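# Remarks on the overall topology
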Amino acid sequence: MKTAEHGAMVIIGAGQCGARTAQALRENGWEGEVTLLGNEGIAPYDRPPLSKAVLLGQKSAAQCALYDDAFYRDNRIDLRVDAPVTAIDRVERRVVLGEGRTVSYRRLLIATGAQPRSLPVPGATLAGVHVLRSVPDALSIVDELQPGRRIAVVGAGFIGLEVAASAIARGCEVVVIEVAARALMRAVPEIVAGYLIERHRQMGVEVRFATQVDRILGDSRVSGLKLADGTTLQCDAVIVGIGVTPRTALAEAAGIDVADGIAVDDTLRTNDPYIFAAGDVCSFPHRLFRRRIRLECWKNAEDHARLVARNMLEYGETYSAVPRFWSDQYDMTIQIAGLPAFGATSVVRETGSASKVFFALDGDGVLVGASGVGQTGEIAREVRIAQELIARRARVEPDVLADRSTKLKSLLTAEAL
Ligand code: NAP
């Protein structure tokens, strides 16, 4: 077993969280080696544009890159984009790459993210069936979105609904199939999802809830879907957005604790003091919600990266950032602060002619979530202030939240627990 402190800061996973951590290590004064190991074959990039601007042809894959080559050179970040890690050797504190090559670590970060779930039905590997997570996925889907083609989207989550909006804008016909009784079941209250679905239907999207795909039809290429309710739908391509699974295999094989993702403490450290995990791949105890959670979103990857870099440098800080999500579909935005799903009661505030914010209060009357839907300018301020109230675990009277004439800002003085 090694005892001396030596070796590089090594990051497995050259995605947004991994790359931002490398940057934050430098910003926090780390002058030793930083090694960023990826296996996608391209430099780290931003994923949010993939389902929107890239599908709409407004942004190229190259424009999604997080940094240019000079950034890695100037910051002495050893970025290796074709370096799949095959094992973590915790005794010798090194990671094993292909052909027996190894990299010793002083501290290791696992930021391997999550992989899209594939549809477990016959026909799922036919040509024309896609998931959307990576740049190559997005470029394959762009080719499918030709005007007049019929696109089946499986899953009415964030990916499914953003892809549906992009496909409509490209002149496609779109049908969305969702197994649950409504969209975005885990992310937003039913009424918020209802507004979005109404807008999709106005734009011509056919949405089918409470059914699922039994089989994907076609010989070498997809030609249709057979649904569980017996319906057969013709389609030219299928985009599957039915959620993701954290990539924990390396950690599990190394004996690191896993509990819905790699289990870390509130400093993002695993049960091995030299190894951290951050981003989509880890579950962590959250002080504000008083339970272990795992978040799959852009802002969490950013917030985790900033904190974990400091903790790899032994600052020992705890994580308590308020989750934030957003999604743009057509001319509508949804913005979410906190975790509305943890609310026991919901209060609505009309913030504009077609904009509303729904507040979620837990059983003790503590604000735990806010979801705005409508025009950005009519909800952004309210959701931002709600974020601050959630950070303070503020207890707010429902009547006050509902009353549009009460400035939310004045509630920032509300009693915190
Ligand atoms: P998601 O948001 O978890 O939604 C997946 C949806 O598919 C859920 O509604 C799920 O229902 C449904 N589903 C599951 N199995 C199904 C089946 N066999 N047939 C039909 N529907 C099925 O996941 P996602 O849309 O795939 O997105 C992947 C990840 O990227 C998520 O972590 C998401 O947060 C992230 N993302 C975020 C944004 C954003 O924040 N704007 C945009 C794109 C992607 P149940 O809930 O009942 O399982």
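Residues numbered from 1 in each chain as written. Predicted model: local features only at pLDDT ≥ 70, side-chain atom pairs only at ≥ 80, totals over all residues. Heavy atoms only, no water.

As a further point, take the packing of aromatic side chains. According to the stated counting rule, one finds six aromatic pairs in the structure shown. Aromatic pair Phe71 and Tyr72: ring centres 5.2 Å apart, planes at 85°, arrangement edge-to-face. Here Phe71 matches Tyr72 in class, with each residue buried. Ring plane angle 70° and centroid distance 5.7 Å describe the contact between Trp298 and Trp326, whose orientation is recorded as edge-to-face. In this pair, Trp298 is assigned in helix H7 (residues 298–312) and Trp326 in strand S21 (residues 324–329), connecting sequence segments 28 residues apart. Accessibility expressed as a relative area gives 39% for Trp326, which makes it partly exposed. (Phe/Tyr/Trp six-rings, centres within 6.5 Å; stacked < 30°, edge-to-face > 60°. Buried < 20%, exposed > 50% of the residue type's maximum accessible area, 1.4 Å probe, protein only. Helix = DSSP H or I, 4+ residues; strand = E, 2+ residues; numbered from the N terminus.)

If you trace the three strands from one edge of the open sheet to the other, you get S12-S13-S14, paired in antiparallel fashion. Of all strands in the sheet, those bounded by a partner on one side alone are strand S12 (213–218) and strand S14 (232–234). Each adjacent strand pair in this sheet contributes to an overall mean axis angle of 25°, direction not counted. Bridge analysis of strand S13 (residues 222–227) against S14 gives three bridges, and the strand direction is antiparallel. Pairing of Leu225 across the sheet is with Leu233, part of S14. (Pairing = 2+ DSSP bridges. Axes fitted to C-alpha atoms, helices over the stretch in contact; angles between N-to-C directions.)

A word on the sheet that holds strand S19 (residues 282–286). Whenever strands of a sheet pair, they do so through backbone hydrogen bonds, lying parallel or antiparallel. If you walk across this open sheet you meet the three strands as S17-S19-S20, and the pairing is mixed. The open sheet has two edge strands with one neighbour each: strand S17 (262–263) and strand S20 (291–293). In this structure, S19 lies alongside S20, joined through three bridges in antiparallel fashion. Each residue of the ladder has a partner; that of Pro285, found in S20, is Arg292.

Moving on, we get to a positive patch on the surface. Side chains of Arg381, Arg384, Lys407 and Lys409 sit close together on the surface and give a patch of like positive charge. Within the element layout of this structure, Arg384 appears in helix H8 (residues 376–391). (Patch = residues over 30% accessible without salt bridge, like charges linked within 9 Å, V, L, I, M, F, W, Y side chains within 5 Å. Areas by Shrake-Rupley, 256 points an atom, 1.4 Å probe, with all protein chains shown as cover. Salt bridge = Lys/Arg side-chain N within 4 Å of Asp/Glu carboxyl O. Lys, Arg positive; Asp, Glu negative; His and termini not counted. Charge placed at Lys NZ, Arg CZ, Asp CG, Glu CD.)

Every one of the 21 residues lining the ligand counts as a neighbour, but Ile159, Glu178, Gly243, Glu296 and Trp326 are closest to it. A distance of 2.9 Å is found between an oxygen atom of the ligand and a backbone nitrogen or oxygen belonging to Gly243. Elements with a contribution of two residues or more to the shell around the ligand: helix H4 (158–169) and S21. Counting residues per element, the shell around the ligand draws most heavily on H4, at three residues. Tallied by class, residues from the shell around the ligand come to ten nonpolar, six polar and five charged. (Near = heavy atom within 4 Å. Polar contact = N/O pair within 3.5 Å; in protein donor to acceptor, adjacent residues only side chain to side chain. Nonpolar A, V, L, I, M, F, W, Y, C, P; charged D, E, K, R; others polar.)

Quick look at the side chain of Asp280 now. Its place among the elements puts Asp280 in the loop between strand S18 (275–277) and S19. The residues contacting Asp280, other than those within four sequence positions of it, are Gly113, Ala114, Arg133, Pro246, Arg294, Leu295, Glu296 and Cys297. (Contact = heavy atoms within 4.5 Å.)

Time to look at the nonpolar core. By size, the foremost hydrophobic cluster in this structure holds 119 residues, and its most contacted members are Ile88, Val95, Leu108, Ile110, Val174, Phe359 and Leu401. Excluding residues within four positions of it along the chain, Ile110 makes contact with Ile12, Ile88, Ala251, Ile256, Ile262, Ile275, Phe276, Ala277, Ala278 and Val281. By size, the runner-up hydrophobic cluster in this structure holds 18 residues, among which are Val121, Leu126, Val129 and Ile242. (Core = buried A, V, L, I, M, F, W, Y, C linked by side-chain atoms within 4.5 Å.)

Turning our eyes to something else, we now look at the side chain of Thr211. Relative to the assigned elements, Thr211 resides in the loop between strand S11 (206–208) and S12. When its relative accessible area of 7% is taken as the criterion, Thr211 is described as buried. When near neighbours in sequence (up to four residues on either side) are disregarded, Thr211 contacts Ile177, Glu178, Val179, Leu227, Ala228 and Asp229.

On to the pairing of strand S22 (residues 332–338), then. A large share of S22 lies buried, amounting to seven of its seven residues. In terms of strand pairing, S21 meets S22 through six bridges, oriented antiparallel. Residue Trp326 lies in a different strand from S22, and its bridge partner there is Gln335. Pairing geometry for S22 and strand S25 (residues 367–374), over six bridges, is antiparallel.

Negative phi values dominate among residues other than glycine, just as trans dominates among peptide bonds. For Leu268, which is not a glycine, the phi torsion comes out positive at approximately 75°. Structurally, Leu268 is set in the loop between S17 and S18. Non-glycine residue Arg393 carries a positive phi angle of around 50°. Tracing the backbone shows Arg393 in the loop between H8 and helix H9 (398–402).

This is a description of form; function is not addressed.
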